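Chain and residue survey
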Amino acid sequence: MEKSSGMSRLELFPDTARVNAASHLEIGGCDTTALAAQFGTPLYVFDQATLRAQARDALRVLRAQWDDALLLYATKAYWAPFLARLYRELALGLDVTSEAEMAIAQNAGFDPTTIYVHGNNKTSAELGAALAMGITHFVVDNLDDAPRLAALGAELAPSRRLRLLIRLSPNIDAHTHRYMTTGVADSKFGLGIADGMAERAARQIGAYANLDLVGLHFHIGSQVFDTDALREALHAVLDTAQAWRDTFGFTLRELNIGGGWGVAYNDSQRTLDVESFLQNTARLLREGLRARGLNENLKLIAEPGRGLIARAGVALYRVGAVKEIPAVRTYLAVDGGMGDNVRPALYNAAYQAFLANRFDENNAREYAIAGRYCEQGDVLIERAALPETRVGDLLAIPVAGAYQLPMASNYNLIPRPAVVLVNEKRARLVRRRETLEDILACDLD
Ligand code: LLP
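As the structure is a computational prediction, the values presented were derived from the model and not from experiment.

Criteria and thresholds
- Residues numbered from 1 in each chain as written.
- Predicted model: local features only at pLDDT ≥ 70, side-chain atom pairs only at ≥ 80, totals over all residues.
- Heavy atoms only, no water.
- Pairing = 2+ DSSP bridges.
- Helix = DSSP H or I, 4+ residues; strand = E, 2+ residues; numbered from the N terminus.
- Axes fitted to C-alpha atoms, helices over the stretch in contact; angles between N-to-C directions.
- Parallel < 35°, antiparallel > 145°, perpendicular 65-115°, else oblique.
- Left-handed = near helix turned anticlockwise from the far one by under 90°.
- Contact = heavy atoms within 4.5 Å.
- Nonpolar A, V, L, I, M, F, W, Y, C, P; charged D, E, K, R; others polar.
- Core = buried A, V, L, I, M, F, W, Y, C linked by side-chain atoms within 4.5 Å.
- Buried < 20%, exposed > 50% of the residue type's maximum accessible area, 1.4 Å probe, protein only.
- Domains from an automatic or database assignment.
- Phe/Tyr/Trp six-rings, centres within 6.5 Å; stacked < 30°, edge-to-face > 60°.
- Lys NZ or Arg CZ within 6 Å of the ring centre and 35° of its normal.
- Patch = residues over 30% accessible without salt bridge, like charges linked within 9 Å, V, L, I, M, F, W, Y side chains within 5 Å.
- Areas by Shrake-Rupley, 256 points an atom, 1.4 Å probe, with all protein chains shown as cover.
- Salt bridge = Lys/Arg side-chain N within 4 Å of Asp/Glu carboxyl O.
- Near = heavy atom within 4 Å.
- Polar contact = N/O pair within 3.5 Å; in protein donor to acceptor, adjacent residues only side chain to side chain.

**Examining the sheet that holds strand E1 (residues 18-19)**
Spatially, the three strands line up as an open sheet ordered E1-E2-E3, and their pairing is antiparallel. Every other strand in the sheet has two partners, leaving E1 and strand E3 (30-31) as the edge strands with one partner each. Across two bridges, E1 lies against strand E2 (residues 25-27) in antiparallel orientation. Its bridge partner being in E2, Arg18 is matched across the sheet by Glu26.

This is the structure:
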(Lines give C-alpha, C1' and ligand atoms only; values in the text may rest on other atoms or scores of the structure.)
Protein backbone atom coordinates (compact mmCIF):
# COMPACT_ATOMS: atom_id res chain seq x y z
CA MET A 1 0.00 0.00 0.00
CA GLU A 2 1.17 3.49 -0.75
CA LYS A 3 2.21 5.53 2.27
CA SER A 4 0.97 8.99 3.08
CA SER A 5 3.76 11.39 2.35
CA GLY A 6 2.93 14.87 3.61
CA MET A 7 2.85 17.53 0.92
CA SER A 8 2.59 15.35 -2.14
CA ARG A 9 -0.76 14.03 -0.95
CA LEU A 10 -2.11 17.56 -1.34
CA GLU A 11 -0.88 18.10 -4.88
CA LEU A 12 -4.17 17.29 -6.54
CA PHE A 13 -6.01 19.64 -4.19
CA PRO A 14 -6.56 23.42 -4.39
CA ASP A 15 -3.63 25.71 -3.52
CA THR A 16 -4.94 26.45 -0.03
CA ALA A 17 -5.42 22.82 1.00
CA ARG A 18 -3.72 21.80 4.21
CA VAL A 19 -4.14 19.29 6.98
CA ASN A 20 -4.95 20.73 10.39
CA ALA A 21 -3.97 19.54 13.85
CA ALA A 22 -7.02 17.28 14.02
CA SER A 23 -5.83 15.59 10.79
CA HIS A 24 -8.78 17.09 8.92
CA LEU A 25 -8.50 18.40 5.38
CA GLU A 26 -8.86 22.18 5.20
CA ILE A 27 -9.56 24.21 2.09
CA GLY A 28 -9.53 28.00 2.04
CA GLY A 29 -9.03 27.93 5.79
CA CYS A 30 -12.25 25.91 6.28
CA ASP A 31 -12.28 22.48 7.87
CA THR A 32 -13.99 20.17 5.38
CA THR A 33 -15.59 18.12 8.17
CA ALA A 34 -17.24 21.31 9.45
CA LEU A 35 -18.36 22.21 5.91
CA ALA A 36 -19.90 18.76 5.51
CA ALA A 37 -21.68 19.08 8.85
CA GLN A 38 -23.01 22.53 8.02
CA PHE A 39 -24.01 22.09 4.37
CA GLY A 40 -24.51 18.34 4.11
CA THR A 41 -23.06 15.90 1.60
CA PRO A 42 -22.40 15.39 -1.22
CA LEU A 43 -20.85 18.81 -1.21
CA TYR A 44 -18.74 20.56 -3.83
CA VAL A 45 -16.19 22.96 -2.41
CA PHE A 46 -14.50 25.57 -4.63
CA ASP A 47 -11.44 27.48 -3.53
CA GLN A 48 -11.51 31.12 -4.57
CA ALA A 49 -7.74 31.57 -4.33
CA THR A 50 -7.11 28.69 -6.75
CA LEU A 51 -9.73 29.90 -9.20
CA ARG A 52 -8.13 33.33 -9.25
CA ALA A 53 -4.55 32.09 -9.42
CA GLN A 54 -5.21 29.69 -12.29
CA ALA A 55 -6.99 32.31 -14.39
CA ARG A 56 -4.44 35.01 -13.59
CA ASP A 57 -1.50 32.75 -14.41
CA ALA A 58 -2.98 31.67 -17.73
CA LEU A 59 -3.74 35.29 -18.64
CA ARG A 60 -0.27 36.46 -17.69
CA VAL A 61 1.41 33.68 -19.65
CA LEU A 62 -0.73 34.19 -22.74
CA ARG A 63 -0.28 37.97 -22.74
CA ALA A 64 3.47 37.59 -22.27
CA GLN A 65 3.56 35.55 -25.47
CA TRP A 66 1.28 37.58 -27.69
CA ASP A 67 0.36 41.29 -27.65
CA ASP A 68 -3.16 40.95 -28.97
CA ALA A 69 -4.28 37.96 -26.93
CA LEU A 70 -7.66 36.99 -25.54
CA LEU A 71 -8.28 34.27 -22.96
CA LEU A 72 -11.74 32.78 -23.08
CA TYR A 73 -13.10 30.54 -20.37
CA ALA A 74 -15.12 27.62 -21.80
CA THR A 75 -18.21 27.87 -19.63
CA LYS A 76 -19.30 24.28 -20.33
CA ALA A 77 -16.66 23.14 -17.80
CA TYR A 78 -18.79 24.73 -15.05
CA TRP A 79 -20.68 27.97 -15.01
CA ALA A 80 -22.44 29.78 -12.23
CA PRO A 81 -22.93 33.41 -11.18
CA PHE A 82 -20.11 33.30 -8.61
CA LEU A 83 -17.67 32.22 -11.32
CA ALA A 84 -19.00 34.82 -13.73
CA ARG A 85 -18.32 37.61 -11.24
CA LEU A 86 -14.80 36.37 -10.62
CA TYR A 87 -13.85 35.86 -14.28
CA ARG A 88 -15.46 39.16 -15.24
CA GLU A 89 -13.19 40.95 -12.74
CA LEU A 90 -10.17 39.25 -14.28
CA ALA A 91 -11.25 40.39 -17.78
CA LEU A 92 -11.61 36.94 -19.30
CA GLY A 93 -13.77 36.44 -22.36
CA LEU A 94 -16.06 33.43 -22.78
CA ASP A 95 -16.82 30.48 -25.01
CA VAL A 96 -20.56 29.84 -24.57
CA THR A 97 -22.97 27.28 -26.01
CA SER A 98 -26.42 27.97 -24.61
CA GLU A 99 -28.84 30.71 -23.72
CA ALA A 100 -28.46 30.17 -19.98
CA GLU A 101 -24.67 30.31 -20.25
CA MET A 102 -25.08 33.64 -22.02
CA ALA A 103 -27.60 34.90 -19.47
CA ILE A 104 -25.22 34.29 -16.59
CA ALA A 105 -22.53 36.19 -18.51
CA GLN A 106 -24.87 39.04 -19.25
CA ASN A 107 -26.00 39.34 -15.64
CA ALA A 108 -22.37 39.56 -14.56
CA GLY A 109 -21.72 42.38 -17.03
CA PHE A 110 -19.37 40.69 -19.49
CA ASP A 111 -18.35 42.73 -22.51
CA PRO A 112 -20.39 40.97 -25.22
CA THR A 113 -17.66 41.53 -27.80
CA THR A 114 -15.47 39.09 -25.85
CA ILE A 115 -18.05 36.29 -25.95
CA TYR A 116 -17.79 33.61 -28.65
CA VAL A 117 -20.82 31.45 -29.44
CA HIS A 118 -20.08 27.81 -30.18
CA GLY A 119 -22.12 24.73 -30.91
CA ASN A 120 -22.84 22.18 -33.59
CA ASN A 121 -26.53 23.09 -33.58
CA LYS A 122 -27.06 26.68 -32.55
CA THR A 123 -30.79 27.28 -32.41
CA SER A 124 -32.43 30.41 -33.75
CA ALA A 125 -33.59 31.21 -30.21
CA GLU A 126 -30.01 31.05 -28.92
CA LEU A 127 -28.65 33.09 -31.79
CA GLY A 128 -31.44 35.62 -31.32
CA ALA A 129 -30.60 35.92 -27.62
CA ALA A 130 -26.92 36.35 -28.48
CA LEU A 131 -27.67 39.13 -30.96
CA ALA A 132 -29.98 40.83 -28.48
CA MET A 133 -27.22 40.99 -25.90
CA GLY A 134 -24.76 42.43 -28.40
CA ILE A 135 -22.60 39.37 -29.00
CA THR A 136 -20.52 39.82 -32.14
CA HIS A 137 -18.55 36.57 -32.55
CA PHE A 138 -19.83 33.21 -33.71
CA VAL A 139 -17.92 30.03 -34.48
CA VAL A 140 -19.31 28.31 -37.56
CA ASP A 141 -19.54 24.53 -37.21
CA ASN A 142 -21.60 23.48 -40.25
CA LEU A 143 -23.06 24.81 -43.50
CA ASP A 144 -26.33 25.82 -41.84
CA ASP A 145 -24.93 28.34 -39.35
CA ALA A 146 -24.05 31.13 -41.79
CA PRO A 147 -27.38 31.39 -43.64
CA ARG A 148 -29.23 31.30 -40.31
CA LEU A 149 -26.97 33.96 -38.82
CA ALA A 150 -27.18 36.14 -41.90
CA ALA A 151 -30.99 36.09 -41.81
CA LEU A 152 -31.26 36.62 -38.05
CA GLY A 153 -28.62 39.32 -38.14
CA ALA A 154 -30.45 41.20 -40.90
CA GLU A 155 -33.63 41.06 -38.84
CA LEU A 156 -32.35 41.65 -35.29
CA ALA A 157 -29.09 43.55 -35.71
CA PRO A 158 -29.33 45.21 -39.12
CA SER A 159 -26.53 47.70 -38.50
CA ARG A 160 -24.04 45.08 -37.36
CA ARG A 161 -21.58 42.94 -39.29
CA LEU A 162 -21.23 39.64 -37.49
CA ARG A 163 -17.73 38.28 -36.99
CA LEU A 164 -17.37 34.63 -37.84
CA LEU A 165 -14.66 32.06 -37.26
CA ILE A 166 -14.79 28.68 -38.92
CA ARG A 167 -14.14 25.67 -36.71
CA LEU A 168 -11.77 23.48 -38.66
CA SER A 169 -11.48 19.76 -38.32
CA PRO A 170 -7.83 19.21 -39.16
CA ASN A 171 -8.08 15.41 -39.06
CA ILE A 172 -5.56 15.00 -36.27
CA ASP A 173 -5.94 12.56 -33.43
CA ALA A 174 -5.42 14.20 -30.04
CA HIS A 175 -4.87 10.79 -28.39
CA THR A 176 -7.38 11.34 -25.65
CA HIS A 177 -10.56 9.36 -24.83
CA ARG A 178 -12.67 8.66 -27.92
CA TYR A 179 -15.53 10.76 -26.52
CA MET A 180 -13.17 13.72 -26.08
CA THR A 181 -11.58 13.50 -29.52
CA THR A 182 -13.03 16.13 -31.81
CA GLY A 183 -10.49 16.91 -34.53
CA VAL A 184 -10.66 13.73 -36.62
CA ALA A 185 -12.48 13.32 -39.94
CA ASP A 186 -15.41 11.43 -38.39
CA SER A 187 -16.43 14.00 -35.79
CA LYS A 188 -19.68 15.83 -35.26
CA PHE A 189 -17.63 18.97 -34.68
CA GLY A 190 -15.92 21.24 -37.15
CA LEU A 191 -15.63 21.37 -40.90
CA GLY A 192 -13.09 19.27 -42.76
CA ILE A 193 -10.11 20.83 -44.43
CA ALA A 194 -9.28 17.90 -46.73
CA ASP A 195 -12.85 17.29 -47.88
CA GLY A 196 -13.37 20.94 -48.81
CA MET A 197 -16.23 21.51 -46.35
CA ALA A 198 -14.42 24.32 -44.56
CA GLU A 199 -13.70 26.10 -47.81
CA ARG A 200 -17.34 25.80 -48.80
CA ALA A 201 -18.30 27.48 -45.54
CA ALA A 202 -15.77 30.26 -46.16
CA ARG A 203 -17.14 30.96 -49.64
CA GLN A 204 -20.68 30.79 -48.32
CA ILE A 205 -19.92 33.42 -45.65
CA GLY A 206 -18.33 35.64 -48.28
CA ALA A 207 -21.66 35.85 -50.07
CA TYR A 208 -23.39 37.65 -47.17
CA ALA A 209 -22.79 41.37 -46.74
CA ASN A 210 -23.57 41.25 -42.99
CA LEU A 211 -21.14 38.42 -42.24
CA ASP A 212 -17.39 38.91 -41.91
CA LEU A 213 -15.09 35.89 -41.84
CA VAL A 214 -12.45 37.07 -39.37
CA GLY A 215 -10.69 33.88 -38.46
CA LEU A 216 -10.24 30.21 -37.82
CA HIS A 217 -10.76 27.99 -34.83
CA PHE A 218 -9.66 24.50 -33.90
CA HIS A 219 -10.14 22.36 -30.83
CA ILE A 220 -8.95 18.82 -31.38
CA GLY A 221 -10.07 17.41 -28.07
CA SER A 222 -10.18 17.68 -24.33
CA GLN A 223 -7.79 16.38 -21.68
CA VAL A 224 -4.96 16.60 -24.23
CA PHE A 225 -1.37 15.98 -23.16
CA ASP A 226 -0.04 15.29 -26.65
CA THR A 227 1.45 18.63 -27.68
CA ASP A 228 2.69 17.12 -30.99
CA ALA A 229 -0.93 16.75 -32.04
CA LEU A 230 -1.64 20.37 -31.13
CA ARG A 231 1.43 21.48 -33.07
CA GLU A 232 0.36 19.48 -36.12
CA ALA A 233 -3.11 21.00 -35.92
CA LEU A 234 -1.63 24.48 -35.83
CA HIS A 235 0.34 23.82 -39.00
CA ALA A 236 -2.70 22.39 -40.78
CA VAL A 237 -4.71 25.48 -39.86
CA LEU A 238 -2.00 27.86 -41.04
CA ASP A 239 -1.73 25.93 -44.32
CA THR A 240 -5.46 26.46 -44.73
CA ALA A 241 -5.17 30.18 -44.08
CA GLN A 242 -2.43 30.40 -46.68
CA ALA A 243 -4.40 28.42 -49.28
CA TRP A 244 -7.47 30.60 -48.74
CA ARG A 245 -5.45 33.78 -48.97
CA ASP A 246 -4.07 32.62 -52.29
CA THR A 247 -7.39 31.49 -53.73
CA PHE A 248 -9.84 34.10 -52.45
CA GLY A 249 -7.90 36.76 -50.56
CA PHE A 250 -8.72 35.61 -47.02
CA THR A 251 -6.95 37.44 -44.17
CA LEU A 252 -6.49 35.59 -40.88
CA ARG A 253 -7.33 38.22 -38.24
CA GLU A 254 -8.28 35.93 -35.37
CA LEU A 255 -6.90 32.51 -34.54
CA ASN A 256 -8.59 30.51 -31.80
CA ILE A 257 -6.49 27.54 -30.70
CA GLY A 258 -9.23 26.00 -28.53
CA GLY A 259 -8.74 24.55 -25.09
CA GLY A 260 -8.21 20.96 -24.04
CA TRP A 261 -5.33 21.53 -21.64
CA GLY A 262 -4.80 18.22 -19.86
CA VAL A 263 -5.18 18.11 -16.09
CA ALA A 264 -3.94 15.41 -13.68
CA TYR A 265 -6.69 13.59 -11.78
CA ASN A 266 -4.37 11.19 -9.99
CA ASP A 267 -0.73 10.58 -9.11
CA SER A 268 0.05 8.87 -12.40
CA GLN A 269 -0.89 11.87 -14.56
CA ARG A 270 0.95 15.15 -15.06
CA THR A 271 -0.91 18.40 -15.74
CA LEU A 272 0.04 20.03 -19.04
CA ASP A 273 2.66 22.71 -18.46
CA VAL A 274 0.63 25.65 -19.75
CA GLU A 275 3.52 28.10 -19.74
CA SER A 276 5.76 26.03 -21.97
CA PHE A 277 2.82 24.95 -24.12
CA LEU A 278 1.83 28.56 -24.80
CA GLN A 279 5.45 29.63 -25.29
CA ASN A 280 5.96 26.91 -27.88
CA THR A 281 2.64 27.61 -29.55
CA ALA A 282 3.40 31.33 -29.86
CA ARG A 283 6.85 30.62 -31.26
CA LEU A 284 5.53 28.13 -33.80
CA LEU A 285 2.76 30.49 -34.71
CA ARG A 286 5.13 33.41 -35.25
CA GLU A 287 7.42 31.24 -37.38
CA GLY A 288 4.50 29.69 -39.24
CA LEU A 289 2.90 33.03 -40.08
CA ARG A 290 6.21 34.50 -41.22
CA ALA A 291 7.12 31.49 -43.35
CA ARG A 292 3.77 31.72 -45.12
CA GLY A 293 3.73 35.50 -45.39
CA LEU A 294 0.52 35.68 -43.35
CA ASN A 295 -0.73 38.54 -41.17
CA GLU A 296 1.36 38.54 -37.99
CA ASN A 297 -0.84 41.02 -36.13
CA LEU A 298 -3.66 38.64 -35.55
CA LYS A 299 -5.63 38.20 -32.36
CA LEU A 300 -4.60 34.98 -30.61
CA ILE A 301 -7.37 33.33 -28.62
CA ALA A 302 -7.21 30.35 -26.26
CA GLU A 303 -10.31 28.86 -24.65
CA PRO A 304 -9.57 26.40 -21.87
CA GLY A 305 -12.26 25.20 -19.50
CA ARG A 306 -10.95 22.38 -17.31
CA GLY A 307 -7.43 23.84 -17.08
CA LEU A 308 -8.75 26.91 -15.28
CA ILE A 309 -11.16 25.25 -12.90
CA ALA A 310 -10.76 21.50 -12.35
CA ARG A 311 -8.27 21.61 -9.48
CA ALA A 312 -10.17 24.41 -7.69
CA GLY A 313 -13.01 22.00 -6.84
CA VAL A 314 -13.22 19.14 -4.33
CA ALA A 315 -16.15 16.75 -3.90
CA LEU A 316 -17.01 15.57 -0.38
CA TYR A 317 -19.01 12.41 0.21
CA ARG A 318 -20.15 10.59 3.33
CA VAL A 319 -19.64 6.84 3.53
CA GLY A 320 -23.01 5.23 4.25
CA ALA A 321 -22.24 1.52 3.90
CA VAL A 322 -19.21 -0.76 3.85
CA LYS A 323 -19.79 -4.05 2.05
CA GLU A 324 -17.04 -6.60 2.27
CA ILE A 325 -17.50 -9.35 -0.29
CA PRO A 326 -15.30 -12.22 0.91
CA ALA A 327 -12.43 -12.97 -1.45
CA VAL A 328 -13.69 -10.36 -3.93
CA ARG A 329 -13.41 -6.82 -2.65
CA THR A 330 -14.84 -4.23 -0.32
CA TYR A 331 -17.23 -1.58 -1.52
CA LEU A 332 -17.59 1.76 0.20
CA ALA A 333 -20.95 3.21 -0.74
CA VAL A 334 -21.04 7.01 -0.73
CA ASP A 335 -23.98 9.40 -0.88
CA GLY A 336 -23.16 10.71 -4.37
CA GLY A 337 -21.97 9.04 -7.54
CA MET A 338 -22.79 9.17 -11.22
CA GLY A 339 -25.52 11.72 -10.56
CA ASP A 340 -22.92 14.33 -9.63
CA ASN A 341 -19.92 12.80 -11.43
CA VAL A 342 -20.63 10.78 -14.54
CA ARG A 343 -17.01 10.96 -15.73
CA PRO A 344 -15.84 7.55 -14.41
CA ALA A 345 -18.85 5.83 -15.97
CA LEU A 346 -18.65 7.76 -19.24
CA TYR A 347 -14.90 8.03 -19.85
CA ASN A 348 -13.33 5.60 -17.38
CA ALA A 349 -11.88 8.69 -15.73
CA ALA A 350 -9.52 7.61 -12.92
CA TYR A 351 -9.89 9.60 -9.72
CA GLN A 352 -8.18 9.32 -6.37
CA ALA A 353 -9.89 9.53 -2.97
CA PHE A 354 -8.69 10.74 0.43
CA LEU A 355 -10.11 10.47 3.90
CA ALA A 356 -10.97 14.06 4.81
CA ASN A 357 -11.49 13.36 8.51
CA ARG A 358 -8.30 11.29 9.02
CA PHE A 359 -6.16 12.69 6.26
CA ASP A 360 -2.77 11.80 7.72
CA GLU A 361 -3.54 8.17 8.38
CA ASN A 362 -1.63 5.70 6.24
CA ASN A 363 -3.41 3.88 3.48
CA ALA A 364 -4.08 0.34 4.62
CA ARG A 365 -6.78 -1.01 2.35
CA GLU A 366 -8.02 -1.02 -1.18
CA TYR A 367 -11.69 -0.26 -1.73
CA ALA A 368 -14.06 0.21 -4.61
CA ILE A 369 -15.99 3.44 -4.11
CA ALA A 370 -19.54 2.92 -5.26
CA GLY A 371 -22.05 5.64 -5.87
CA ARG A 372 -25.62 5.40 -4.60
CA TYR A 373 -27.36 5.26 -7.97
CA CYS A 374 -29.14 2.17 -9.26
CA GLU A 375 -26.62 1.34 -11.90
CA GLN A 376 -23.90 -1.30 -11.69
CA GLY A 377 -21.53 1.02 -13.52
CA ASP A 378 -21.93 3.69 -10.86
CA VAL A 379 -18.50 3.18 -9.34
CA LEU A 380 -16.54 6.38 -8.79
CA ILE A 381 -13.22 4.63 -8.20
CA GLU A 382 -12.48 0.97 -8.94
CA ARG A 383 -9.41 0.71 -6.75
CA ALA A 384 -8.94 3.37 -4.11
CA ALA A 385 -6.12 3.12 -1.59
CA LEU A 386 -7.40 4.43 1.75
CA PRO A 387 -6.95 4.02 5.47
CA GLU A 388 -9.33 1.58 7.14
CA THR A 389 -12.66 3.29 6.42
CA ARG A 390 -15.91 3.14 8.34
CA VAL A 391 -19.49 4.27 7.98
CA GLY A 392 -19.65 7.99 8.71
CA ASP A 393 -16.18 8.78 7.36
CA LEU A 394 -15.85 11.69 4.96
CA LEU A 395 -14.25 11.12 1.57
CA ALA A 396 -12.67 13.89 -0.46
CA ILE A 397 -12.20 13.47 -4.21
CA PRO A 398 -10.05 16.24 -5.66
CA VAL A 399 -10.01 17.72 -9.18
CA ALA A 400 -13.79 17.89 -9.08
CA GLY A 401 -14.21 21.37 -10.54
CA ALA A 402 -14.80 20.59 -14.22
CA TYR A 403 -17.52 18.67 -16.06
CA GLN A 404 -19.02 17.17 -12.93
CA LEU A 405 -21.70 19.60 -11.74
CA PRO A 406 -22.59 20.76 -15.28
CA MET A 407 -23.12 17.15 -16.34
CA ALA A 408 -25.02 16.22 -13.19
CA SER A 409 -28.39 14.53 -13.45
CA ASN A 410 -31.34 13.74 -11.24
CA TYR A 411 -31.21 10.01 -11.90
CA ASN A 412 -33.29 8.17 -9.30
CA LEU A 413 -34.78 11.62 -8.68
CA ILE A 414 -31.94 12.39 -6.34
CA PRO A 415 -31.35 16.11 -5.72
CA ARG A 416 -28.11 17.57 -7.07
CA PRO A 417 -25.51 18.70 -4.51
CA ALA A 418 -24.87 22.03 -2.88
CA VAL A 419 -21.80 24.10 -3.77
CA VAL A 420 -19.77 26.31 -1.43
CA LEU A 421 -17.06 28.80 -2.22
CA VAL A 422 -14.35 29.04 0.42
CA ASN A 423 -11.94 31.88 0.95
CA GLU A 424 -9.89 33.00 3.93
CA LYS A 425 -11.75 30.90 6.49
CA ARG A 426 -15.17 31.83 5.18
CA ALA A 427 -17.57 29.56 3.32
CA ARG A 428 -20.37 30.92 1.18
CA LEU A 429 -23.16 28.77 -0.17
CA VAL A 430 -23.21 29.53 -3.92
CA ARG A 431 -25.69 26.85 -4.92
CA ARG A 432 -28.19 25.42 -2.53
CA ARG A 433 -28.87 21.72 -2.52
CA GLU A 434 -31.90 20.83 -4.62
CA THR A 435 -34.99 19.99 -2.66
CA LEU A 436 -37.76 17.50 -3.19
CA GLU A 437 -39.91 20.40 -4.43
CA ASP A 438 -37.26 21.32 -7.03
CA ILE A 439 -37.21 17.75 -8.27
CA LEU A 440 -40.98 17.57 -8.60
CA ALA A 441 -41.53 21.11 -9.89
CA CYS A 442 -41.60 20.48 -13.64
CA ASP A 443 -43.90 17.47 -13.80
CA LEU A 444 -47.57 18.08 -14.55
CA ASP A 445 -50.34 15.71 -13.55
N1 LLP B 1 -13.45 24.83 -26.84
C2 LLP B 1 -14.33 24.01 -27.41
C3 LLP B 1 -14.82 24.31 -28.73
C4 LLP B 1 -14.77 22.88 -26.71
O5 LLP B 1 -15.62 22.06 -27.29
C6 LLP B 1 -14.29 22.63 -25.41
C7 LLP B 1 -14.73 21.46 -24.66
C8 LLP B 1 -13.39 23.55 -24.85
C9 LLP B 1 -12.98 24.63 -25.60
C10 LLP B 1 -12.82 23.38 -23.47
O11 LLP B 1 -12.12 22.20 -23.33
P12 LLP B 1 -11.28 21.93 -21.98
O13 LLP B 1 -10.20 22.98 -21.93
O14 LLP B 1 -12.21 22.06 -20.84
O15 LLP B 1 -10.76 20.57 -22.15
N16 LLP B 1 -17.14 16.29 -20.64
C17 LLP B 1 -15.77 15.98 -20.99
C18 LLP B 1 -15.10 17.12 -21.71
C19 LLP B 1 -15.89 17.65 -22.88
C20 LLP B 1 -15.24 18.84 -23.51
C21 LLP B 1 -16.19 19.54 -24.39
N22 LLP B 1 -15.62 20.66 -25.07
C23 LLP B 1 -15.04 15.59 -19.70
O24 LLP B 1 -15.68 15.48 -18.68
O25 LLP B 1 -13.85 15.35 -19.72
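**Observations regarding the packing of helix H8 (residues 227-248) against helix H9 (residues 274-292)**
Contact pair H8 / H9: the axes reach a minimum separation of 10 Å and the direction vectors enclose 25°. With respect to their mutual orientation, H8 and H9 come out roughly parallel. The interaxial crossing formed by H8 with H9 has right-handed handedness. Every residue of H9 that contacts H8 at Thr227, Leu230, Arg231, Leu234, His235, Leu238, Asp239, Gln242 and Arg245 is listed here: Phe277, Thr281, Leu284, Leu285, Gly288, Leu289 and Arg292. Its residues assigned to classes, the contact of H8 with H9 comprises seven nonpolar, five polar and four charged.

**Focus: the nonpolar core**
Core analysis: the largest hydrophobic core is formed by 136 residues, its most contacted members being Phe46, Tyr87 and Ile166. Composition of this core by domain shows at least three residues from each of domain 1 (6-47 + 310-440) and domain 2 (111-304). Here Phe46 is in contact with Leu51, Tyr78, Phe82, Ile309, Ala312, Gly313, Gly401, Leu405, Val419, Val420, Leu421 and Val422, once residues within four sequence places are set aside. With seven residues, the next largest nonpolar core counts Val139, Leu165, Val214 and Ile301 among its residues.

**With respect to the packing of aromatic side chains**
The geometry of an aromatic ring pair is captured by two quantities: the separation of the ring centres and the angle between the planes. By the definition in use, this model includes 14 aromatic pairs. A centroid spacing of 5.8 Å and a plane angle of 45° characterise the contact between Tyr73 and Trp79, whose relative ring orientation is tilted. Given a relative accessible area of 10%, Trp79 falls into the buried group. On the basis of an interplanar angle of 20° and a centroid distance of 6.2 Å, the ring pair of Tyr373 and Tyr411 is categorised as stacked. Within this pair, whereas Tyr373 is found in the loop between strand E17 (365-370) and strand E18 (379-386), its partner Tyr411 is found in the loop between strand E19 (394-398) and strand E20 (418-423), the two being separated by 38 residues in sequence. For Tyr373, a relative accessible area of 7% corresponds to the buried category. Exposure remark for Tyr411: the relative accessible area of 33% places this residue in the partly exposed category. Put simply, the rings of Tyr73, Trp79, Tyr87 and Phe110 touch in pairs and so form one group of aromatic residues. Here the guanidinium or amino end of Arg9 rests over the ring plane of Phe359, the centre of that ring lying 5.0 Å away.

**Notes on the side chain of Asn256**
Checked against the element boundaries, Asn256 lands in strand E12 (residues 254-256). On the basis of relative accessible area, Asn256 is assigned to the buried category, the value being 0%.

**So, a nonpolar patch on the surface**
A cluster of nonpolar side chains, Leu413, Leu436 and Leu440, forms an exposed patch at the surface whose accessible area comes to about 320 Å². With respect to the helices and strands, Leu413 occurs in the loop between E19 and E20.

**Focus: the site of the ligand**
Around the ligand sit 21 residues in total, of which Ser222, Gly260, Arg343, Tyr347 and Tyr403 are the nearest. A distance of 2.9 Å separates an oxygen atom of the ligand from a polar atom in the backbone of Gly305. Taken by itself the ligand offers 580 Å² of open surface, and the protein chains cover 90% of this. In terms of residue class, the shell around the ligand is built from seven nonpolar, eight polar and six charged. The residues that make up the shell around the ligand include at least three from each of domain 1 (6-47 + 310-440) and domain 2 (111-304).

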